[in-house]
Structures are given as structure tokens and as C-alpha cells.
Amino acid sequence: MKRAIIGALGVAAGGVAVARWLASRRVPAAFEDEATRWLGVTVNRSQDEIMPGGRVPEPLAELDAEVRVNRAPGGRGTELYARPREHVPTGATAVLSRIRGDDPRQAVRVALREAKCVAETGEVLRPDAPIGTTRPTLPGKVLDAALRRAPGEGRL
Amino acid sequence: MKAVCWQGVNELSVEQVPDPEILNDQDAIVKVTASTTCGSDLHLLGGYIPAMRAGDVIGHEFLGEIVEVGPEVSRHRPGDRVVVCSIIGCGRCRPCVDGMWSLCENSNPKPGLTELMWGGSTAGIFGYSHAMGGFRGSHAEYIRVPFADYNAFTVPDGVDDMDALFASDAAPTGWMGADLGGVRPGDVVAVWGCGGVGQMAARAAMLLGAERVIAIDRYPERLAMTARHVGCEVVDYTSTDVNAELRERTGGRGPDVCIEAVGLEAEGTGPQRIYDGIKQRLRLEQDRPIAVREAIHACRKGGSVFVLGVFAGFVDKFPLGALMNKGLTLRGAQQHGQRYIPHLLDLIARGELKTSHLATHTMTLDDGPRGYDMFKRKKDGCVRAVFRPWI
């Protein structure tokens, strides 16, 4: 038991050291772009419907985020963009932030998707209430963790 | 309530789970009266579709009666007999408005996983993993139907449950393959797979004016059923060279439209089967694309190949050279059922589309695991096992 605890602490300490080393490295230009990139969705509504009187739609309005809109080409509605005002982690730090769920872009993605869903359908679709798993397993726990992050991840 | 639940690879059980509730104003609760197995469920059972949790309710092709509606549901009321599309669409995003319902941008509340895997997410799908939204499946006594005005369709009086049931998935999926595959009057169409979807694709091609339709499979009872109920030509791929057979039947050209209705667990024969089987077992490729490869090789120059079978990830030895040099068009999709279901119900009501013969075995929910075992192993000529929770 004692050896197992020492081993686990060793692995954890090694992980922290590697993460700190990665975080201290110079940020490549591509990651710097990531920090300022706009996240966007195309909403099948006019600009006036999405931002009446220039008001930012909920729940985007609750975030500390910059917001802008464009008319989408070809009559495809409106492009709605947002990005966090606060510092956005990059590189390896960003990976850790995303795993922890505190990368500010995750909240922006969720808000963009919800604003689009409300503008197009009138409400945010809720997933079915989870049924307690009948068999807790390690892959199941990893999947649960990934699913908790899924609304804030993806291509936006 | 009672439901058939996924417990792990090739393991199902019947469990008591909480009843569904109205969670959104546009929801309806449907009392399931018939729910059928589908070939794509076998990919879930086999562990090829990621993001399943032990305890998830499976099933996506179903029919029932509306028992409760949310305050914003206007086209349905309790008592309506409805068939529900297996794919959930919101009806108002651009893909839904354009008829590409399986690409709906508002019906999958967990799009992150599939966006990372595929570069874009699908619509939500009933009972088809958390990657597709985590919605509970239809092999249960009740089910919640989101955006009910757009996803539930009233079944016309006079149409039997067993006919209407397959308007949920098999019939619109098959119809989509023929329609978006570009079948035109006078075409020769080949269909790989004589399961429910393949038979519906073959029938759709005939109704869209194809002059000859040739369906391919290995199971004698499925070939016989297709010949009898669909009325097309059939080929047993275990007893002949499919490519040579198709060239011989088409003056050396090959079919104008090739529809693949097999999916990621294609069987095939010879070294290809062994090669893909080993690679898939070792997880060096996710899907076995044997029927897709054959369709691309068989298709006439300038023709069209439509992939209806479900694929999840990466395939090996994909004949891109043949696709490019023969000038083929390749398309695929989860079904855009909402654009076809009203027309299909009309065809069923007029007797022009027969579907009930697909229901070879009818049983209760308690028989769910046994039904899937029969379906998977094609025991007793099983084409589709249909569960009737209230009988």
C-alpha cells in the first residue's frame, strides 16, 4: 500500500513537472493566433433578430467576451462571433485548462451554441436526464469526463 | 419503466429505468407500441461506435402513441398515432431548412465529440450513443421526442402499425440512397445488402424509374425475400464474382448508381475479408469497407456511389484512384428522414411500398436480448426483430 502511494505521488509529481516545463516553453506563432481567434456560428436568422437594437443575445451577454456579427454570404443568415476578453491559455497550458474545464473558450462555445439554438428554435434543447450507469468502469469514467466537456469543445 | 439496455460489448439486458419527462416546451412523450432492431445497432453492440455507457437504452426505429405534449407543441396532441424519425431535427437551422435533417445544428447537445472526430457533428439520434446526443432509445415503454412537431408524423388511418414502423428509418434511409444517389428513369442500380435498408433502397430505385435493380447479399432467405417482395434481380456474392456478374448484366458498363447498405461490419469473401478482419480486430482500422470498395470498382464510369451503411472512423485501402479516374460521385449521409416520411406514408397507404414483410419476428421487450441475438446471427431467417412493449 505504502509503495503504491509513493508510486502514485511520483507519477503526479512527474506530471506536474512536465506540465510546468511545457507551459514555460516559448509559445509558437500558431498558438498565439489561437489566443485571439474568433469563435463563430452561423445563425439562420437576420442580424436584427439576433441582436435587436444591438443587444448581445443571452447567454453570450453574461460572459466577459467580445461579440461581433456579419451577414452570412448567400442568404445563409448571420455569422455570430465571440472571443473571451480575458487571457486565453495556449499550447500545453491550454490542454490542461481544457481538461480541467476552465479554458474561457469553452464557456464561449457553449454560449454561442445556445444563442444560436434560442434564436432558431426558441429554446435550448436539453439532453435526456442521465440514467445511472449500471456498471462503473474506468473507460466509463473517462467517457463521463469527456461528455462533461463536450458542450464546450469541438470545432468552433 | 422497462427498457432494453446496452451493458457492454455484445451484452444487453432488460432493466427498470426512470420514465422520461418533458424537458423542453417542444417535447412530446410517446408510448412506444413497436420498435425494431436495425443493422446499425449491431455496430453499437459490437463496440464499434464510441461513447456508449453501461445502462444506455438502445433502439431508434419506432412507432407509438403520443401521451403528453409540451406547451409549444402545436401539430400533435395526446392520442395521435405517430411514427417518429430516428434522426432528431430542429426544423429551423439551415441544414434542416435545406432538407439535410441529419446535419441539424441544434439537436445534438454534445457536439464536441463528433466535431473532433469528424470535423462536424451530426444531428441527435435516438439511442445511438452519447456522441449522437445521448438520447434514450426506443426499446422502452415510453420515450421523449424533442421538437415533436418536426420529428413525429401522424400515421394515416388504414395503415397498419407494422407497415408504418419502417417509415421511421429503413424506408427513408433506402429512399434517400436512391434519391440522393441520383437514380433516374432507365438507370441500372446495384444495391449491396438485402437487409431492411437495402430492400427499401432497391424498391425506391424501382419507384424512381430505374429499369433494372440488382440486389446483392449472401443469405438465401434475404435474397429470396428481396426477389419476392421487392421484385428486383438478386445476386449471391458467395457463389459468383460480383463485378463480373454486374458487367455481364450491364453490357460491360457497370451500374449507373451503386448503393451501399452494409456498413462497417461488411463480410465479403476471400483475402479481403481476412485482411480487414485482422486489421479491425487489432484496431488498426475501425471499419471494414469491403462493400464500398466493391461498389466503387463496379460502378460505371461517371456513375454515382451512395454510402448508406454506417461508418464510424477510418478505413484502409480505400480506392481513391478508381474514384478519381473513373469520374465517380461519392456521397453518404445519415438519413434525412423528415423530407421523405410523409411521401413514404402516402406510398404505403396506396400499397406501392410494402414494408411489413421485414418484421420477421415479433416479441416483447423482455425478449430484447434474445431478439438481438437472433438478428445478429440471422437465426431463423431473422431480418428484423420487432419489440411490442404493450402486447
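Owing to the predicted nature of the structure, the values given are computational and were not obtained by experimental measurement.

Describing the overall build of chain A
Assigned secondary structure in chain A consists of six helices and three strands. Going residue by residue from the N terminus, the α and β elements of chain A occur as α-α-β-α-β-β-α-α-α. For chain A, with 156 residues in total, the buried portion stands at 26%. In chain A, the share of contacts with a sequence separation of at least 24, taken over all contacts with a separation of at least 6, comes to 68%.

Description of the interface of chain B and chain A
At the interface, 39 residues of chain B touch 29 residues of chain A. Those elements that provide at least two residues to the side of chain B that touches chain A are β1 (2-8), α2 (94-97) and α3 (112-118) of chain B. Looking at which element gives the most residues to the side of chain B that touches chain A, the answer is α3 of chain B, with four residues. Residue classes in the side of chain B that touches chain A are distributed as 16 nonpolar, 14 polar and nine charged.

So, helix α6 (residues 170-180) of chain B
Residues and elements named next belong to chain B. Here α6 lies mainly inside the structure; nine of its 11 residues are buried. Every buried residue of α6 is listed here: Ala170, Ala171, Pro172, Thr173, Gly174, Trp175, Met176, Gly177 and Ala178. Where the residues of α6 are buried, they touch β5 (61-69), α7 (196-207), β14 (257-260), β15 (304-307) and α13 (341-349). With its phi angle positive at about 85 degrees, Gly182 sits one or two positions after the end of α6.

Some points on the UniProt feature "domain: Alcohol dehydrogenase-like N-terminal" (unreviewed entry) in chain B
Look at the UniProt record and you will see "domain: Alcohol dehydrogenase-like N-terminal" (unreviewed entry) annotated at residues 25-148 of chain B. End C-alpha to end C-alpha, residues 25-148 of chain B measures 10 Å, and it is 15% helix and 26% strand.

A look at helix α8 (residues 220-230) of chain B
Residues and elements named next belong to chain B. Turning to α8, its buried residues are Arg222, Met225, Thr226 and Val230. Buried residues in α8, looked at end-on, bunch into an arc of 100 degrees, giving them a common side. Facing away from the buried side of α8, by more than 90 degrees, are the exposed residues Pro220 and Arg228. Buried-residue contacts for α8 involve α7, β12 (212-217) and β13 (233-236). Downstream of α8 by one or two residues, Gly231 has phi in the positive range, about 85 degrees.

Some points on the domain arrangement of chain B
Residues and elements named next belong to chain B. The domains assigned to chain B are domain 1 (2-169 + 335-387) and domain 2 (174-332). One C-alpha centre belongs to domain 1, the other to domain 2, and the line joining them spans 25 Å. Residue-level contacts link 21 residues of domain 1 with 19 residues of domain 2. When residues in the side of domain 1 that touches domain 2 are grouped by element, the largest group, four residues, is from helix α1 (residues 39-45). A breakdown of the residues in the side of domain 1 that touches domain 2 according to their chemical character gives nine nonpolar, eight polar and four charged.

Things to note about the nonpolar core
Counting residues in hydrophobic clusters, the biggest one holds 127 residues, and the most contacted among them are Val30, Val83, Val189, Val191, Ala201, Ile259 and Leu344 of chain B. Each of domain 1 (2-169 + 335-387) and domain 2 (174-332) of chain B gives at least three residues to this core. Apart from the residues within four sequence positions on either side, Leu344 of chain B is in contact with Ala167, Ala171, Pro172, Trp175 and Leu353 of chain B. Leu60, Ala107, Leu112 and Ala119 of chain A belong to the second-largest nonpolar core, a separate cluster that totals 16 residues.

Points about the sheet that holds strand β2 (residues 65-71) of chain A
Residue and element names in this part refer to chain A. Reading across the sheet, the three strands line up as β1-β3-β2 and stay open at both edges, with antiparallel pairing between neighbours. Taken across any chain shown, the strands that pair with only one partner, and hence form the sheet edges, are β1 (39-43) and β2. Each strand axis lies, on average, 20 degrees off the axis of its neighbour in the sheet, ignoring direction. Looking at chain direction, β2 and strand β3 (residues 78-84) are connected through seven bridges and run antiparallel.

Some remarks on the sheet that holds β14 of chain B
Residue and element names in this part refer to chain B. Reading across the sheet, the six strands line up as β13-β12-β11-β14-β15-β16 and stay open at both edges, with parallel pairing between neighbours. Two strands lie at the open edges of the sheet, namely β13 and β16 (329-332), each paired on one side alone. When the angles between neighbouring strand axes are averaged without regard to direction, this sheet yields 20 degrees. Alignment of β12 against β13, held across four bridges, turns out to be parallel. Bridge pairing in β13 places Ile216 opposite Val235.

What to know about the pairing of strand β6 (residues 81-84) of chain B
Residue and element names in this part refer to chain B. Direction of pairing for β5 relative to β6: antiparallel, over a ladder of four bridges. Note that in β6 the partner of Glu65 across the bridge is Arg81. Where β6 and strand β10 (residues 152-154) come together, three bridges link them in antiparallel fashion. Paired with Val83 across the two strands is Phe153, which belongs to β10.

A word on the UniProt feature "domain: Alcohol dehydrogenase-like C-terminal" (unreviewed entry) in chain B
Sequence positions flagged by UniProt for "domain: Alcohol dehydrogenase-like C-terminal" (unreviewed entry) are, in local numbering, residues 196-264 of chain B. Between the first and last C-alpha atoms of residues 196-264 of chain B the distance is 16 Å; the span itself is 45% helix and 20% strand.

Concerning unusual backbone geometry
Cis peptide bonds are those with omega within 30 degrees of zero, and the linkage from Glu58 of chain A to Pro59 of chain A qualifies with 0 degrees. Position of Pro59 of chain A relative to the elements: it lies in the loop between α3 (47-50) and β2. The phi torsion at Asn10 of chain B lies on the positive side, around 55 degrees, for a residue other than glycine. Relative to the elements of secondary structure, Asn10 of chain B occurs in the loop between β1 and β2 (11-16). Here Asn10 of chain B falls in the partly exposed class, since 13 other C-beta atoms lie within 10 Å of it. Phi at Ser129 of chain B takes a positive value of approximately 85 degrees, unusual for a residue other than glycine. Position of Ser129 of chain B relative to the elements: it lies in the loop between β8 (124-125) and β9 (142-145). For Ser129 of chain B, a count of 24 C-beta atoms within 10 Å gives the class buried.

Thoughts on the environment of Gly313 of chain B
Residues and elements named next belong to chain B. The residue Gly313 is located in the loop between β15 and α12 (320-325) in this model. As for Gly313 and Glu105, which are separated by 208 residues in sequence, their C-alpha atoms are 21 Å apart. Excluding residues that lie within four positions of it along the chain, Gly313 makes contacts with Gln286 and Asp287.

Parameters at a glance
- Think of each chain on its own: its residues are numbered from 1, step by step along the sequence as written.
- Working convention: letters from A go to chains and numbers from 1 go to ligands, in the order in which they are written.
- Local features in this predicted model are restricted to residues of pLDDT 70 or higher, and side-chain atom pairs are both shown and tallied only at a pLDDT of 80 or more, whereas totals for entire chains, interfaces and linings draw on every residue.
- A helix here means a DSSP run of H or I that spans at least four residues, while a strand means a run of E at least two residues long, and both kinds are numbered starting from the N terminus.
- Exposure in this text rests on C-beta crowding, where 20 or more other C-beta atoms within 10 Å of a residue's own make it buried, 12 or fewer make it exposed, and counts in between make it partly exposed. The C-beta atoms are placed from the backbone.
- Contacts here follow a simple rule: the backbone-placed C-beta atoms of the two residues must lie within 7 Å.
- Gly is put with the polar residues, along with every residue not named as nonpolar or charged; the nonpolar set is Ala, Val, Leu, Ile, Met, Phe, Trp, Tyr, Cys and Pro, and the charged set is Asp, Glu, Lys and Arg.
- UniProt positions are given in the numbering used here, feature names are shortened, and annotations may be inferred rather than shown by experiment.
- Read the arc as the range of directions from the helix axis to the C-beta atoms.
- Boundaries between domains were set according to an automatic or database domain assignment.
- The nonpolar core is taken to be a set of buried Ala, Val, Leu, Ile, Met, Phe, Trp, Tyr and Cys residues joined by way of C-beta atoms within 7 Å.
- Only strands that DSSP links by at least two bridges are regarded as paired with each other.
- Only C-alpha atoms enter the line fits that serve as axes; for helices the fit covers just the stretch in contact. Angles between N-to-C directions range over 0 to 180 degrees.

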